[in-house]
Amino acid sequence: MKKIIITGGAGFIGSHVVRRFVKSYPEYSIVNLDNLTYAGNLANLKDIENAPNYKFVKGDIVDLKFIQQLFADEQPDAVIHLAAESHVDRSITNPLEFVMTNVVGTVNLLNAARESWKGQYDKKRFYHVSTDEVYGTLGEDGMFTEETAYDPHSPYSASKASSDHFVRAYYDTYGMDTVISNCSNNYGSFHFPEKLIPLAIHNIQQKKPVPVYGKGENIRDWLWVEDHARAIDLIFHKAATGTTYNIGGHNEWKNIDLIKALCTIMDKKLGREDGESAQLITFVTDRAGHDLRYAIDATKLQKELGWVPSITFEEGLEKTVDWYLANEKWLTDVTSGHYQQYYTEQYNNR
Ligand code: NAD
Ligand code: DAU
């Protein structure tokens, strides 16, 4: 029997990780700890909410007393930590919120684990889910390896880099069993439509302008979210203590090319004329400090743990578009209310 606290399980990636663990490991007990911010949504987990090995707890990782009580109540064997403020644009508007959740929240979890797991570090594991953005930006060539020096540029990536450093410090200083993975851009179902791919799908469907920052020359390395969840499962179970793995799909796309590909798929799916949706593409003011290019070298994960992505980007993108078109209610629910205000503030003066 294993009890695992998964933080941020009601978010995009967290919901896929929770679903995978609940379904694949009926002998484990999964506690989903999430504060249900704008990005957290229990509708993401409707299909498993009544599973006997699943429990949801609403709570804030910034609240140390609450976290200590949770550890005392649940006596977890492991933590898989995904809870975070995750959107770069929001971090530019409100950096302190990112410091509180991503840095203070992570240190609170580490401290609660340190107290609760004293004398049993060899039987416990703290898995921290991080991002490739900690490595900064690449030029025309090269890739991020696990040895690349940290060089974050946005308040979001600076907060994630800081949390990674704290996790390593708890391994070095206290001997806590920690593991970190740094992944590239994810896409797939339940992705909140503030992020490029779901935002573009939503706007194309609504025939609204599709905002592309700058000239659309920035490059991201896209990975299907279920392949990320599978990598987390492998690393959680197989990685040696204190190690780090990069996760990525060898799948680099210029933003503008990606949006054009999406437009072509949407034209077909929506019965529009070829080229109709592409007319919605609108170049807008660039993101401040916009990293030019991310690319992950996932050789270590492939060689040591045998992980490779399971589907191509073409398949994944088509599946994703199909999911959004079939789940209009999910999209309508998450884009009503606060999202409208965010969207106006974020895009009206660009
Ligand atoms: P998300 O924004 O979709 O979800 C974050 C979740 O954390 C939400 O459910 C939210 O309610 C919860 N949360 C936020 N603040 C909290 C708090 N104070 N207490 C408890 N819960 C809180 O994020 P995501 O895209 O699913 O990312 C998950 C993790 O993976 C993050 O740590 C992110 O840095 C990392 N990551 C994301 C990507 C990506 O492409 N999305 C890639 C690599 C790494
Ligand atoms: O690389 C991993 C990271 O990927 C994660 O750590 C972050 O949590 C996740 O949000 C994502 O960060 P990005 O900033 O790369 O993702 P986003 O979807 O916000 O933007 C992708 C690219 O598209 C980026 O170059 C900015 C651009 N963009 C984004 C939006 C929202 C646009 O051109 N227009 C837009 O409206």
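Preceding block: the structure.
An account of the accompanying structure is given in this report. The structure presented is a predicted model; accordingly, all values stated were derived computationally and were not measured. Counting of residues starts from 1 at the beginning of each chain's written sequence and follows it residue by residue. Chains carry letters from A onward and ligands carry numbers from 1 onward, assigned in written order. Local features in this predicted model are restricted to residues whose pLDDT is 70 or higher, and side-chain atom pairs enter the listing and the counts only when it is 80 or higher, whereas totals over whole chains, interfaces and linings include all residues. With hydrogens and water excluded, all non-hydrogen atoms of the structure serve as input to the side-chain values.

## Some remarks on the overall build of the chain
Phase 1: Under the DSSP-based scheme used, a helix requires at least four consecutive residues in state H or I and a strand at least two consecutive residues in state E, with every element numbered from the N terminus. Each helix and strand in the chain was counted, giving twelve helices and twelve strands.
Phase 2: Values of the radius of gyration come from C-alpha atoms, whereas the globule rule sets the reference at 2.2 Å times the count of residues to the power 0.38. Computed over the C-alpha atoms, the radius of gyration of the chain is 20 Å, within 12% of the 20 Å expected from 2.2 N^0.38 for a compact globule of 350 residues.
Phase 3: Dimensions along the principal axes, computed over C-alpha positions, put the chain at roughly 65 × 45 × 40 Å.
Phase 4: Counting every position in the chain, which comprises 350 residues, the buried fraction comes to 57%.
Phase 5: What makes two residues a contact is simply this: any of their non-hydrogen atoms within 4.5 Å. In the chain, once contacts between residues fewer than 6 apart in sequence are set aside, the share between residues at least 24 apart is 82%.
Phase 6: Accessibility throughout is a Shrake-Rupley quantity obtained with a 1.4 Å probe, and a residue counts as covered only by protein chains that appear here. Of the roughly 14,800 Å² of accessible surface on the chain, a fraction of 51% belongs to carbon and sulfur atoms.
Phase 7: Across the chain, 36 positive and 47 negative side-chain charges occur, with their mean positions spaced 4 Å apart. Relative accessible area decides the class of each residue, using a 1.4 Å probe on protein chains only: under 20% of the type maximum gives buried, over 50% gives exposed, and in between gives partly exposed. The convention is simple: Lys and Arg are positive, Asp and Glu are negative, and His and the chain ends are not counted. Where a charge sits is defined by one atom per residue type, namely NZ (Lys), CZ (Arg), CG (Asp) or CD (Glu).

## Structural notes on the side chain of His16
Phase 1: With respect to the secondary-structure elements, His16 resides in helix α1 (residues 12-24).
Phase 2: Non-local contacts of His16, meaning those with residues more than four positions away in its chain, are made with Ser189, Phe190, Val225, Glu226 and Ala229.

## Points about the site of ligand 1
Phase 1: Any residue with at least one heavy atom within 4 Å of a molecule or strand is counted as near it. Near ligand 1 there are 28 residues, and of these Ile13, Asp34, Ser86, Tyr156 and Lys160 occur at the shortest range.
Phase 2: Between Gly11 and ligand 1, the recorded distance is 3.0 Å, taken from a backbone N or O atom to an oxygen atom.
Phase 3: For the purposes of these results, a polar contact is taken to be a pair of N or O atoms within 3.5 Å, where, inside protein, one atom must be able to donate a hydrogen and its partner to accept one; residues adjacent in sequence count only when each atom of the pair is a side-chain atom. At 2.9 Å, a backbone N or O of Asn186 approaches an oxygen atom of ligand 1.
Phase 4: In isolation ligand 1 offers 830 Å² of accessible surface; the protein chains occlude 96% of this area.
Phase 5: Elements supplying a minimum of two residues to the shell around ligand 1: α1, β5 (125-131), α5 (155-174) and β7 (185-187).
Phase 6: Counting residues per element, the shell around ligand 1 draws most heavily on β5, which supplies three residues.
Phase 7: Side-chain classes are defined by residue name, with Ala, Val, Leu, Ile, Met, Phe, Trp, Tyr, Cys and Pro counting as nonpolar, Asp, Glu, Lys and Arg as charged, and the others, Gly among them, as polar. Its residues assigned to classes, the shell around ligand 1 comprises twelve nonpolar, 13 polar and three charged.

## Considerations on the environment of Asn111
Phase 1: Locating Asn111 in the fold gives a position in helix α4 (residues 95-116).
Phase 2: Under the relative-accessibility criterion, Asn111 is labelled buried at 19%.
Phase 3: Spatially, the C-alpha atoms of Asn111 and Gln68 are 8.4 Å apart, while their sequence positions differ by 43 residues.
Phase 4: Among the polar contacts listed, one links the side chain of Asn111 to the side chain of Tyr170, at a separation of 2.6 Å.

## Quick notes on empty space enclosed by the protein
Phase 1: Put simply, the grid is 1 Å and covers the protein atoms alone, a cavity is a trapped set of points that fit a 1.4 Å probe, a pocket is an open set with protein on both sides within 12 Å along at least five of seven lines, and lining residues have an atom within 4 Å of a point. Grid points are joined across faces, edges and corners, and a volume is the space filled by probe spheres set on the points. Across all of its chains, the model carries two cavities of 30 Å³ or more by this definition.
Phase 2: Residues that form the lining of the largest cavity fall into these classes: two nonpolar, three polar and four charged.
Phase 3: In this model, the second largest cavity occupies a volume close to 40 Å³.
Phase 4: As for the second largest cavity, its lining consists of Gly11, Phe12, Tyr38, Ala39, Gly40, Asn41, Asn44, Phe190, Phe192, Trp330 and Val334.
Phase 5: Split into classes, the residues belonging to the lining of the second largest cavity amount to seven nonpolar, four polar and no charged.

## Re the pattern of salt bridges
Phase 1: Criterion for a salt bridge: a side-chain nitrogen of Lys or Arg within 4 Å of a carboxyl oxygen of Asp or Glu. Taken as a whole and assessed by the stated rule, the structure comprises 18 salt bridges.
Phase 2: Residue Arg287 is joined to Asp89 by a salt bridge in which the shortest nitrogen-to-oxygen separation is 2.7 Å. Here the residue Arg287 occupies a position in the loop between β12 (281-284) and α9 (299-305), and Asp89 occupies one in helix α3 (residues 88-93), the gap between them amounting to 198 residues.
Phase 3: A relative accessible area of 3% means that Asp89 is categorised as buried.
Phase 4: Through salt bridges with shared partners, one network takes in Lys3, Lys55 and Glu74.

## Concerning the packing of α1 against helix α7 (residues 225-238)
Phase 1: At a minimum axis separation of 9 Å, α1 and α7 run at an interaxial angle of 60°. By the angle between their axes, α1 is oblique relative to α7. For α1 against α7, the interelement crossing comes out right-handed. Contacts between α1 and α7 involve Phe12, Ile13, His16, Val17, Arg20 and Phe21 on the former and, on the latter, Val225, Glu226, His228, Ala229, Arg230, Ile232, Asp233, Phe236 and His237.
Phase 2: Grouping the amino acids of the contact of α1 with α7 by side-chain chemistry returns eight nonpolar, three polar and four charged. Lines fitted to the C-alpha atoms define the axes, with helices restricted to the stretch that makes contact. Angles between their N-to-C directions range from 0 to 180 degrees. Here roughly perpendicular refers to angles of 65 to 115 degrees, roughly parallel to angles under 35, roughly antiparallel to angles over 145, and oblique to all remaining angles. Less than a right angle of anticlockwise turn of the near helix away from the far helix marks a crossing as left-handed, whereas a clockwise turn marks it as right-handed.

## Concerning the sheet that holds β7
Phase 1: At least two bridges found by DSSP between two strands is the condition for calling them paired. Pairing in this open sheet of three strands is mixed, and the strands run β7-β9-β11 from one edge to the other. For this open sheet the edge positions go to β7 and β11 (252-254), each flanked by a neighbour on one side alone. In this sheet, neighbouring strand axes are inclined to one another by 50° on average, regardless of whether the strands run parallel or antiparallel.
Phase 2: Pairing geometry for β7 and strand β9 (residues 219-224), over three bridges, is parallel. The partner of Asn186 across the bridge, within β9, is Leu223.
Phase 3: In the packing of helix α8 (residues 255-269) onto the sheet, contacts are made with β9 and β11, and the angle to β11 comes to roughly 90°.

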